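Chain by chain, the residues run as shown.
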Amino acid sequence: MAKVELKQPVVQEISERIKDAQSVVLVDHRGLTVEQDTQLRRELREAGVTYKVYKNTMMNFAFKGTACEELAQYLEGPSAMAVSNEDATAPARALAKFAKKAPKLEIKGGVVEGTVYDAAGIANIASIPSRDELISKLLGSLQSPITNFARVMNQLAEKGGASACDAPAEAAAEEAPAAEAAEAPAAEAAAEEVPAQE
């Protein structure tokens, strides 16, 4: 079997992985212990990220003609590829989190939703919360006014309901016509005095 025939299935596998990917992140995994590498793979799997080590030449062939083509500049030294088809920020987040525990893991760059980023760009993307976290924050902010309204209504019910609130308003409404009635004769008397002075 020729070398090309042996390489073709690997290139095809890489092409299939990146075809529908939301994000692809390249890392240099040199210096990681077996234990650290196993832990990294476990964390990535839990985050829904596929992680595999490939030869740079194979990735270079697979990247040609795709959104990942510009990643060829990062294919120096040993490279591993983290791919996510669901959450665009998951690989960057999981790798950056793990790199804090294992400084030997070096993020080279990546493609997120068709845009190429260097290591600093991937670090910025890693700070974006996951979709689930954003949804929970949104629901929390939507729920807050409703909760406050329910709390106010509960306090009103404890104080005697709406009738307790209507009593001061009714008293004020009764006092207003009485005050107007008292002011009316005074205003008429003042109006009569003005022509007398002329």
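If you're wondering where the values come from, they're calculated on a predicted model, not measured in any experiment.

A. The overall build of the protein chain, seen in detail. Along its length, the protein chain carries 7 helices and 5 strands. The order of α-helices and β-strands along the protein chain, N terminus first, is α-β-α-β-α-β-α-β-β-α-α-α. In the protein chain, which comprises 198 residues, the proportion classed as buried is 29%. Carbon and sulfur atoms provide 55% of the accessible area of the protein chain, an area that totals close to 12,900 Å².

B. Local environment of the side chain of Asp-87. Following the sequence through the fold, Asp-87 ends up in the loop between strand E3 (79-84) and helix H4 (90-101). At 2.8 Å, the side chain of Asp-87 and the side chain of Arg-93 are in polar contact. Not counting residues within four places of it along the chain, the set of residues in contact with Asp-87 comprises Gln-22, Ser-23, Arg-93, Ser-130 and Arg-131.

C. Spotlight on the packing of helix H2 (residues 34-46) against H4. One way to put it is that H2 packs onto H4 with a least axis distance of 10 Å and a crossing angle of 155°. Put simply, H2 runs roughly antiparallel to H4. For the element pair H2 and H4, the recorded crossing hand is right-handed. Of the residues in H4, those touching H2 at Gln-36, Gln-39, Leu-40, Glu-43 and Leu-44 are Ala-94, Leu-95, Phe-98 and Lys-101. Across the contact of H2 with H4, the residue classes break down as 5 nonpolar, 2 polar and 2 charged.

D. Highlighting the pairing of strand E4 (residues 106-112). Of all 7 residues in E4, 6 are buried, a share of seventy percent or more. Alignment of E4 against strand E5 (residues 115-118), held across 4 bridges, turns out to be antiparallel. Counterpart to Gly-109 in the pairing with E5 is Asp-118. Connecting E4 to the next strand, E5, in antiparallel fashion are 2 residues, including Glu-113 with a positive phi near 50°.

E. Main features of the environment of Gln-22. Along the chain, Gln-22 falls in the loop between helix H1 (3-19) and strand E1 (23-28). According to the relative accessible area criterion, Gln-22 is partly exposed, its value standing at 28%. Sequence-wise, Gln-22 and Ala-88 are 66 residues apart; in three dimensions their C-alpha atoms are separated by 4.8 Å.

F. Representation of H4 within the structure. Under the 1.5 Å per step criterion, the end-to-end length of H4 is 17 Å for 12 residues, consistent within 8% with the ideal 16 Å. Across the 12 residues that make up H4, a large majority, 9, are buried. Packed against the buried residues of H4 are E1, H2, E3, E4 and helix H5 (119-126).

G. Main features of the pattern of salt bridges. By the definition in use, this model includes 7 salt bridges. Across the pair Glu-13 and Lys-52 runs a salt bridge whose closest N-O atoms are separated by 3.0 Å. Taken as a pair, Glu-13 in helix H1 and Lys-52 in strand E2 (residues 50-54) lie far apart in primary sequence, 39 residues in all. Through salt bridges with shared partners, a single ionic network connects Glu-13, Arg-17 and Lys-52.

Thresholds applied
- Residues numbered from 1 in each chain as written.
- Predicted model: local features only at pLDDT ≥ 70, side-chain atom pairs only at ≥ 80, totals over all residues.
- Heavy atoms only, no water.
- Helix = DSSP H or I, 4+ residues; strand = E, 2+ residues; numbered from the N terminus.
- Buried < 20%, exposed > 50% of the residue type's maximum accessible area, 1.4 Å probe, protein only.
- Areas by Shrake-Rupley, 256 points an atom, 1.4 Å probe, with all protein chains shown as cover.
- Polar contact = N/O pair within 3.5 Å; in protein donor to acceptor, adjacent residues only side chain to side chain.
- Contact = heavy atoms within 4.5 Å.
- Axes fitted to C-alpha atoms, helices over the stretch in contact; angles between N-to-C directions.
- Parallel < 35°, antiparallel > 145°, perpendicular 65-115°, else oblique.
- Left-handed = near helix turned anticlockwise from the far one by under 90°.
- Nonpolar A, V, L, I, M, F, W, Y, C, P; charged D, E, K, R; others polar.
- Pairing = 2+ DSSP bridges.
- Expected span 1.5 Å × (residues − 1).
- Salt bridge = Lys/Arg side-chain N within 4 Å of Asp/Glu carboxyl O.

Nothing here speaks to function; it is all geometry.
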